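Overview (structure and organization)
If you want the building blocks of each chain, they are given just below.
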Amino acid sequence: IVFFLNRLSEGGSQLEDDRKLQRALALQIVAGQCQDGRWGYVNPPLNKVEEQHLMAQLEAKTYKPTNFNKMTSNSMTQFGLLALWGSRKNIPVRQPILHAAARFHSTQYPSGAWSYGRPDMTHFGQDANTAAGLLALAMEKVLREDKDFQGLRGATDPPASAGADDQCDKAFAHLGRVIGRPRAESPHTHAETGNIIKADAYGDYYFL
């Protein structure tokens, strides 16, 4: 729903009720962000008082994720990030995105990859979730360096990573090694490995 409303906003066709719904759903997503900077599978709705409190934190740049959920994942996090990026004209999204990026900075494998990241799936879906990691780092780079976002630094921003560019290079190198490789060269034997670009994922659509 948020993706649809974000596209509607880009086209200039949103009504006021659409904007209110988009804002409420975007705040619900922010509220679901967990202490590790990621998202899980459940984002409970907020009441009006909770929305106002959260919006005040975002506007004051004092937001920090406090939700707790053991079952967060890099996969769910990429959808949260995409939804928030598209909602950035309606609510401040800098700090939620930076906290997510900080998690990716601290969990990259030496190979340059990221896994699904769930405790019971630590080595699954590395190709697809490497793309998720790059997505987070790309958003972070824009928020920290693009002139349109200057002056928005907040008191609870996580510090920038000195090795961010190197991490991106390693991640792209990993994808360059694995996309399109012959099936016989893949270490993954599960049935969901992609058939078109040969990505380790729930098929190629999940990778994309």
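Heads up: the structure comes first, above all this text.
Read on for a plain summary of the structure. Throughout this document, residue positions are counted from 1 along each chain, in the order its sequence is written. In keeping with the model being predicted, local features are shown solely for residues with a pLDDT of at least 70 and side-chain atom pairs are shown and tallied solely at 80 or more, while totals for entire chains, interfaces and linings include all residues. Water and hydrogen atoms were dropped before computing side-chain values, which therefore reflect all heavy atoms in the structure.

It is worth spelling out the packing of helix α2 (residues 16-31) against helix α3 (residues 48-60) at this point. It is the contact of α2 with α3, at a shortest axis distance of 10 Å, that shows an interaxial angle of 75°. Here α2 is positioned roughly perpendicular relative to α3, judged by the angle of their axes. Between α2, through Arg23, Ala24, Leu27, Val30 and Ala31, and α3, the contact on the second element is made entirely by Glu51, Leu54, Met55 and Leu58. Considered class by class, the residues forming the contact of α2 with α3 number seven nonpolar, no polar and two charged. Angular values range over 0 to 180 degrees, each being the angle between N-to-C directions of two axes fitted as lines to C-alpha atoms, with helices fitted over their stretch in contact. Think of it this way: any DSSP run of H or I at least four residues long counts as a helix, any run of E at least two long counts as a strand, and we number them from the N terminus. Here the angle decides the label: under 35 degrees means roughly parallel, over 145 means roughly antiparallel, 65 to 115 means roughly perpendicular, and every other value means oblique. Note on definitions: a residue-residue contact is assigned when non-hydrogen atoms from the two residues lie within 4.5 Å. Following the grouping adopted for this structure description, the nonpolar residues are Ala, Val, Leu, Ile, Met, Phe, Trp, Tyr, Cys and Pro, the charged ones are Asp, Glu, Lys and Arg, and the polar ones are all others, Gly among them.

Right, let's talk about a nonpolar patch on the surface for a bit. Patches here: salt-bridge-free residues with over 30% relative accessible area, like charges joined within 9 Å, nonpolar side chains (Val, Leu, Ile, Met, Phe, Trp, Tyr) joined within 5 Å. Accessible surface is estimated by sampling points in the Shrake-Rupley manner with a 1.4 Å probe; for residues, cover comes only from the protein chains shown. Salt bridges are identified by distance alone: a Lys or Arg side-chain nitrogen within 4 Å of an Asp or Glu carboxyl oxygen. Judged by side-chain polarity, Phe3, Phe79 and Leu82 come together as a nonpolar surface patch covering roughly 260 Å² of accessible area. Positionally, Phe3 belongs in helix α1 (residues 2-10).

So, about the packing of aromatic side chains. The way to describe two aromatic rings as a pair is by their centre distance and the angle between their planes. Between 30 and 60 degrees the pair is tilted, below 30 it is stacked and above 60 it is edge-to-face, where a pair is any two Phe, Tyr or Trp rings, Trp via its six-membered ring, whose centres lie within 6.5 Å. The final tally for this structure, using the stated rule, is two aromatic pairs. Ring centres 6.0 Å apart and planes at 35° place the aromatic pair Trp85 and Phe149 in the tilted group. Remark: Phe149 occurs in the loop between α6 (126-145) and α7 (164-178) and Trp85 occurs in helix α4 (residues 74-86); sequence separation between them is 64 residues. A centroid spacing of 5.8 Å and a plane angle of 85° characterise the contact between Phe104 and Trp114, whose relative ring orientation is edge-to-face. Residue Phe104 is located in helix α5 (residues 94-107), and its partner Trp114 is located in the loop between α5 and α6; the two are separated by 10 residues in the primary sequence.

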